[in-house]
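# Summary of structural features
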Amino acid sequence: MSDNDVYAQLIKPSGILRVLLTVIVLIMVAGFWHANDFLSWINGMFPFMLWVPPAALIWLLLILMMVCIFQIPWVAGSWIVSEKAEQARRIWLIILAAASAGVCAGFTNLYTKDTTAFFSISYWHWPAAVWGGLTAAIITEWFYWHKKGQKPAATEAKLLELQARIRPHFLFNTLNSAMALVRLDPDAAEAVLQNLSILFRAALESGDSSSATVQQEIDLAKSYLSIESVRLGNRMHVQWKVDDATLDAMIPALSLQPILENAVRHGIEPADTTGFIKVKIRRRLGKVALRVANTVPSPEEQARHPTAGHGMALANLRARLSLMHDFEGVLKTRALTDASGKHWFITSVEVPTS
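You'll find the protein chain entered in an unreviewed UniProt entry as Sensor histidine kinase YpdA, with Saezia sanguinis given as the organism.

This is the structure:
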């Protein structure tokens, strides 16, 4: 079962929040249906509050149990977990929701006073079951088509990001650096070209996968920085602080390198003095947190060495985070001045671990 499966999407924090918000809106609408004023609207919502939220939580709990069952080896290899069976699983979601709503509405005894037996028809409410099934159908279909619609959008966003990442000026600068080193230091020129080939290979191969491990992202970023260090020399100092527990975590491909290129282009290049880049990667609250801080040149240095840019790389990364992780994928930027008066630009990315 893939992360795009409706089951997997519903038990994510964003999925649970959407389900609860949906049922709350439906309760508000149901209470408003026969309300004459605000007080009657509040009173009209109360009966539904007794059984709708519990039914939704029971439904989500049943889904979580099903996902756990799908992890059992002999089940994981069966037809029911295959992509072809996704429609059947969505039907099961509707049946589970109808059962949860029917039982919860009946058990609250809102529509009957007969309490003769726990499993009697008195503890089953057909209108509530129909309502629960229709609501689940709407929610599951929305999740299904939402994820399906993201696939071409994600591909388009990735192509835009790659076009912004491998810019002509970077290619020309790298080749010029290599040519200048051919006679002076052939080994260094060869290393530059090898690192450049790694970057372009990663750009091509990333079309086959939207994710990469943190270790892969670090290796790619270091190849890029090795190229820039030939051109910038001692003007660029990079510090790494990486939590080993994050190395195998999956994050969106080409997450780190565009941030570092942005730091080099706008923070290190325009400066007349040595610039610093600090990279920190760690786990925090079930997420992988990437933080890149780079020194910012003074206004005078920026005026002498202007750098053109429209923030396209960061904008494309933000769009890909939203497509892949919804509001759980976060990209933030801020500027600060430390105690010594040095100016810094900080880019932070957080993505849920998978």
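Next comes the rest of the description.
Time to look at the overall build of the protein chain. Scanning the protein chain for helices and strands turns up 12 helices and 7 strands. Going through the 354 residues of the protein chain one by one, you find that 40% of them count as buried. The contacts in the protein chain between residues at least 6 apart in sequence include a share of 73% that link residues at least 24 apart.

Moving on: the pattern of salt bridges. If you walk through the whole model with that rule in mind, you get 2 salt bridges. Between Glu-141 and Arg-90 there is a salt bridge, with its nearest N and O atoms 3.0 Å apart. With a gap of 51 residues between them, Glu-141 in helix H6 (residues 126–165) and Arg-90 in helix H5 (residues 86–107) connect regions that are remote in the sequence.

The subject of this paragraph is the packing of aromatic side chains. Geometry of an aromatic ring pair is reported as the spacing of the ring centres plus the angle between the planes. Summed over the entire model, instances satisfying the criterion amount to 2 aromatic pairs. The cationic tip of Lys-222 hangs over the ring face of Trp-240; the distance from NZ or CZ to the ring centre is 5.2 Å.

In a regular helix each residue adds 1.5 Å, so 19 residues correspond to 27 Å; helix H9 (residues 214–232) covers 26 Å between its end C-alpha atoms and thus fits that length. Among all positions in H9, only Val-214, Glu-217, Ile-218, Leu-220, Ala-221, Ser-223, Tyr-224, Leu-225, Ile-227, Glu-228 and Leu-232 are buried. Phi turns positive, to about 60°, at Gly-233, one or two residues after H9.

Summarising the model, the protein chain shows a mean pLDDT of 77, and 76% of its residues fall at 70 or more. Looking across the protein chain, the model is least confident in helix H4 (residues 73–76), with a mean pLDDT of 56, and most confident in strand S2 (residues 236–242), with 96. Low pLDDT, under 50, characterises residues 114–122; the stretch is placed with 10 contacts to residues that sit more than four places away or in other chains.

Turning our eyes to something else, we now look at the sheet that holds S2. Taken together, 5 strands build an open sheet; the order of strands is S2-S4-S5-S7-S6 and the sheet is mixed. Strand pairing shows two members of the sheet lacking a second neighbour, S2 and strand S6 (330–337), which therefore form its edges. The mean inter-strand angle of the sheet, taken between neighbouring strand axes irrespective of direction, is 15°. In this sheet, strand S4 (residues 275–284) lies alongside S2 in parallel orientation, the contact comprising 7 bridges.

Here 8 bridges tie S6 to strand S7 (residues 343–352), and the two strands are oriented antiparallel to one another. Directly across from Ala-335, in S7, lies its bridge partner Phe-345.

To continue, consider a positive patch on the surface. A contiguous patch of positive charge, built from Lys-241, Lys-278, Lys-280, Arg-282, Arg-291, Arg-334 and Lys-342, is present on the exposed surface. For the positive patch, the leading source of residues is S4, giving 3 residues. Mapped onto the elements, Arg-291 comes out in strand S5 (residues 287–295). Arg-291 gets classed as partly exposed once you look at its relative accessible area, which sits at 32%.

Among the nonpolar cores identified, the biggest contains 37 residues, and Leu-256, Leu-260 and Ile-277 are the most heavily contacted of them. Broken down by secondary-structure element, the contributors of at least two residues to this core are helix H7 (168–184), helix H8 (186–205), H9, helix H10 (256–268), S4, S5, helix H12 (312–325) and S7. Examining the composition of this core, we find that 8 residues originate from one element, H9, more than from any other. Look past the residues within four positions of Leu-260 in its chain and what remains in contact with it is Ala-221, Tyr-224, Leu-225, Trp-240, Ile-277, Val-279 and Val-292. Within the second largest apolar cluster, 24 residues are counted, among which are Leu-60, Val-67, Ala-128 and Phe-143.

Another aspect to go through is a nonpolar patch on the surface. A surface patch of nonpolar side chains, about 440 Å² in accessible area, is lined by Leu-17, Leu-21, Ile-24, Met-28 and Phe-327. With respect to the element layout, Met-28 can be found in helix H2 (residues 13–33).

Along S5, 8 of the 9 residues are buried, which leaves the element largely enclosed by surrounding structure. Note: S5 against S7, 9 bridges, orientation antiparallel. Paired with Asn-294 across the strands is Phe-345, a residue of S7.

Within the secondary structure layout, Ser-100 lies in helix H5. Ser-100 sits 42 residues away from Ile-58 along the chain, and the two C-alpha atoms are 6.5 Å apart. Excluding anything up to four places from it in sequence, Ser-100 contacts Ala-55, Ile-58, Trp-59 and Leu-62. Here Leu-96 takes part through its backbone oxygen, which lies 2.9 Å from a polar atom of the side chain of Ser-100.

Reading the values: rules and limits
- Residues numbered from 1 in each chain as written.
- Predicted model: local features only at pLDDT ≥ 70, side-chain atom pairs only at ≥ 80, totals over all residues.
- Heavy atoms only, no water.
- Helix = DSSP H or I, 4+ residues; strand = E, 2+ residues; numbered from the N terminus.
- Buried < 20%, exposed > 50% of the residue type's maximum accessible area, 1.4 Å probe, protein only.
- Contact = heavy atoms within 4.5 Å.
- Salt bridge = Lys/Arg side-chain N within 4 Å of Asp/Glu carboxyl O.
- Phe/Tyr/Trp six-rings, centres within 6.5 Å; stacked < 30°, edge-to-face > 60°.
- Lys NZ or Arg CZ within 6 Å of the ring centre and 35° of its normal.
- Expected span 1.5 Å × (residues − 1).
- pLDDT = per-residue confidence, 0-100.
- Pairing = 2+ DSSP bridges.
- Axes fitted to C-alpha atoms, helices over the stretch in contact; angles between N-to-C directions.
- Patch = residues over 30% accessible without salt bridge, like charges linked within 9 Å, V, L, I, M, F, W, Y side chains within 5 Å.
- Areas by Shrake-Rupley, 256 points an atom, 1.4 Å probe, with all protein chains shown as cover.
- Lys, Arg positive; Asp, Glu negative; His and termini not counted.
- Charge placed at Lys NZ, Arg CZ, Asp CG, Glu CD.
- Core = buried A, V, L, I, M, F, W, Y, C linked by side-chain atoms within 4.5 Å.
- Polar contact = N/O pair within 3.5 Å; in protein donor to acceptor, adjacent residues only side chain to side chain.

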